[in-house]
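Below are the chains, spelled out letter by letter.
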Amino acid sequence: MSTSPKTALLEEYALVARALSAPARLSLLEQLAQGERGVEALADKTGLTVANCSQHLQQLRRAALVTSRRDGKAVIYRLTDAKTLQLMDLLRIVAERNLAQVDRILLGLSDGQDAPEPVSRDELAARLAEGSVTVLDVRPADEYASAHIPGARNITLADLEHILPALDPGTEIVAYCRGPYCIYAHQAVAALRKHGLNAKRLDGGLPEWREEGRPVLTEATPE
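Throughout what follows, the structure given in this document is the object of discussion. (Residues numbered from 1 in each chain as written. Predicted model: local features only at pLDDT ≥ 70, side-chain atom pairs only at ≥ 80, totals over all residues. Heavy atoms only, no water.)

1. Considering the overall build of the chain
Working step 1: Assigned secondary structure in the chain consists of 11 helices and 7 strands.
Working step 2: Computed over the C-alpha atoms, the radius of gyration of the chain is 19 Å, within 12% of the 17 Å expected from 2.2 N^0.38 for a compact globule of 223 residues.
Working step 3: Expressed along its principal axes, the backbone C-alpha trace of the chain runs to roughly 70 × 45 × 30 Å.
Working step 4: Taking all 223 residues of the chain together, the buried fraction comes to 39%.
Working step 5: Taking as baseline every contact in the chain between residues at least 6 positions apart, the subset at least 24 positions apart corresponds to 67%.
Working step 6: Surface exposure of the chain reaches about 12200 Å², of which carbon and sulfur atoms provide 53%.
Working step 7: Considering the chain, the positive charge centre built from 26 side chains and the negative charge centre built from 30 side chains are found 6 Å apart. (Helix = DSSP H or I, 4+ residues; strand = E, 2+ residues; numbered from the N terminus. Rg over C-alpha atoms; globule rule 2.2 N^0.38 Å. Buried < 20%, exposed > 50% of the residue type's maximum accessible area, 1.4 Å probe, protein only. Contact = heavy atoms within 4.5 Å. Areas by Shrake-Rupley, 256 points an atom, 1.4 Å probe, with all protein chains shown as cover. Lys, Arg positive; Asp, Glu negative; His and termini not counted. Charge placed at Lys NZ, Arg CZ, Asp CG, Glu CD.)

2. Digging into the pattern of salt bridges
Working step 1: Overall, the coordinates contain 13 salt bridges when judged by the stated rule.
Working step 2: The partner of R92 in a salt bridge is D89, with the nearest N and O atoms 2.8 Å apart. Of this pair, R92 and D89 both sit in helix α5 (residues 82–98), 3 residues apart, which is roughly one turn of that helix.
Working step 3: With a relative accessible area of 22%, D89 lands in the partly exposed category.
Working step 4: Between E96 and R92 there is a salt bridge, with its nearest N and O atoms 3.1 Å apart. Note that E96 and R92 are positioned in helix α5 at a spacing of 4 residues, about one turn of the helix.
Working step 5: Residue R92 is classed as buried on the basis of its relative accessible area, which comes to 18%.
Working step 6: Connected through shared salt-bridge partners, E30, K45, D142, E143 and R178 make up one network. (Salt bridge = Lys/Arg side-chain N within 4 Å of Asp/Glu carboxyl O.)

3. As for unusual backbone geometry
Glycine aside, residues mostly have negative phi, and peptide bonds are mostly found in the trans state.
Working step 1: Positive phi is not limited to glycine here, since A64 has a value of about 65 degrees.
Working step 2: By secondary structure assignment, the location of A64 is in the loop between α4 (50–62) and β2 (66–71).
Working step 3: Residue classification places A64 among the partly exposed residues on the basis of a relative accessible area of 47%.

4. Brief notes about the sheet that holds strand β1 (residues 37–38)
Working step 1: Read across the open sheet, the 3 strands follow the order β1-β3-β2; overall the sheet is antiparallel. Every other strand in the sheet has two partners, leaving β1 and β2 as the edge strands with one partner each.
Working step 2: Where β1 and strand β3 (residues 74–79) come together, 2 bridges link them in antiparallel fashion. Bridge pairing links G38 to I76 in β3.
Working step 3: Sheet strands in contact with α4 are β2 and β3, and its direction is about 120 degrees off that of β2. (Pairing = 2+ DSSP bridges. Axes fitted to C-alpha atoms, helices over the stretch in contact; angles between N-to-C directions.)

5. What about the environment of P215?
Working step 1: With respect to the helices and strands, the residue P215 is situated in the segment after α11 (206–211).
Working step 2: Ignoring anything within four residues of it in the chain, the contact list for P215 reads P150 and W209.

Written out as structure tokens, the structure reads:
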């Protein structure tokens, strides 16, 4: 018996769902949301072996979530389009709304304290224009150099304590990181609020900000 069109469609949809079913592949998508990268760089970022990383990337490419190009002998990967980023975020939203364990994990990031509502990207853009906010990019330095929100200061979680004396307690602080799956901003906000600072995280991260056509800077772009 031949496959019905409905079944054939569902098989294709399931291909995408299966591609999202491994934590390693979600981690790879998070990295590619920062910008295109080669296999070796992705393996280093995610802690995978090059061979294992390549296998996961093939799964993502078969599901059309990523695409690739050749650069000499290297294969460079990137997200296929903005819909992939939206799918990643929708997966996060559904999990946060319906899985109690997700809520417990997020609550644990702030030592059991309810985190403040995140700042929208529109709100942050307005406050940046006013000069009434301090923005912290808590991603690794290489990701910050690749692209960051204008005016953002790069600081890792490990070095956060060192800049506390330089932060104005009267100015709101907004931290951001990689996007849907990154927890650095949650952790940074919790640490800053422990010291009595008015800190919140950005709703989304650098990928969502950039995808909306908002300005970004690179290390080669003058501030």
